[in-house]
Amino acid sequence: MEKQQYINLLTEAPWNHIDDFYKDKNSLSAPYITKIDIDSDAWIQYTVDNFDLAQQKWEKPKKHYAEEEKIIASVNNKLGRNEHNSFELNYGINGNTNQELVTMLGAENIERMGIDPDGILIRLIVNMPGHGVAWHHDAANSYFRKFPEYTGTLNDLTRLWFSAVPWHNGHVFQIGSSMLHNWSAGDVWQIPWGVPHGSINFGYHIKYTVSLTGRKLR
């Protein structure tokens, strides 16, 4: 980085746009939902066996984003979030990976989470040390593209998160004001719609987490 680039950032203060957009949503917390049974070794092995079906992604504006989501991603890029610190292997879109992950999750776990077993979208995300997911919010864009026949509203859906492996040093996930760490594999939290969140792996173990969207049963 050149000195003038640094000065320009301080002058422009692009982070103010993100603060202004989320306002008091930054202070909302994430409800803890339940504990499910997870075979961590099986989820890790899945990433090996299906490596070629993983999306290789990093922070950048995407064509299916709403306008404000594109702006926030662009601000994150301007602030240095890129393929060198936000890279992930992402399973659940390519091939039959979504249905295979739903099957691996299992009917008992799905029932425990209080979601309809039909119409679940799972994303298994792998972050190497030094990488994480930039600050953003969810609007179920991928869900509506995956299930175009869905006629409900966003309020009929829920967004859940859990780690597929036990917590390791340097693994942190923040949802609004909730700072999650020291979790067990299978601890489930809700990510309320519109509430910003992000994660980082500043440790030395690979981080395996799961985000899923489904129709609420209760």
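Coordinates for the structure precede this section.
Q: Looking at this model, I keep getting lost on the pattern of salt bridges. Mind explaining?
A: When their charged atoms lie close together, side chains carrying opposite charge are able to pair. Within the structure shown, the criterion is met by 4 salt bridges. Here K78 and E12 are joined by a salt bridge, their closest N and O atoms 2.8 Å apart. One end of the pair, K78, is in helix α4 (residues 67–78); the other, E12, is in helix α1 (residues 3–12), and 66 residues separate them in sequence. For K78, a relative accessible area of 45% puts it in the partly exposed group. When salt bridges that share partners are traced, they join D37, E108 and R112 into one network.

Q: Just to check I follow, could you spell out helix α3 (residues 40–49) for this structure?
A: Spacing of three or four residues puts side chains on the same side of an α-helix, whose turn is 3.6 residues. Within α3, the full set of buried residues consists of S40, W43, Y46 and T47. Seen from one end, α3 has its buried residues packed into an arc of 125 degrees, which puts them on one side. Structural note: α3 exposes D41, V48 and D49 on the side pointing more than 90 degrees away from its buried face. For α3, the elements touching its buried residues are β3 (88–91), α5 (97–105), β4 (121–127), β5 (157–163) and β10 (207–215).

Q: Explanation requested: a nonpolar patch on the surface in the structure shown.
A: Residues M1, Y6, I7, L10, W15 and L79 make up a contiguous nonpolar surface patch of about 610 Å² in total accessible area. Of all the elements, α1 adds the most residues to the nonpolar patch, at 3 residues. Structurally, L79 can be placed in the loop between α4 and β3. By relative accessible area, which is 35% here, L79 ends up partly exposed.

Definitions and limits used
- Residues numbered from 1 in each chain as written.
- Predicted model: local features only at pLDDT ≥ 70, side-chain atom pairs only at ≥ 80, totals over all residues.
- Heavy atoms only, no water.
- Salt bridge = Lys/Arg side-chain N within 4 Å of Asp/Glu carboxyl O.
- Helix = DSSP H or I, 4+ residues; strand = E, 2+ residues; numbered from the N terminus.
- Buried < 20%, exposed > 50% of the residue type's maximum accessible area, 1.4 Å probe, protein only.
- Arc of directions from axis to C-beta.
- Contact = heavy atoms within 4.5 Å.
- Patch = residues over 30% accessible without salt bridge, like charges linked within 9 Å, V, L, I, M, F, W, Y side chains within 5 Å.
- Areas by Shrake-Rupley, 256 points an atom, 1.4 Å probe, with all protein chains shown as cover.

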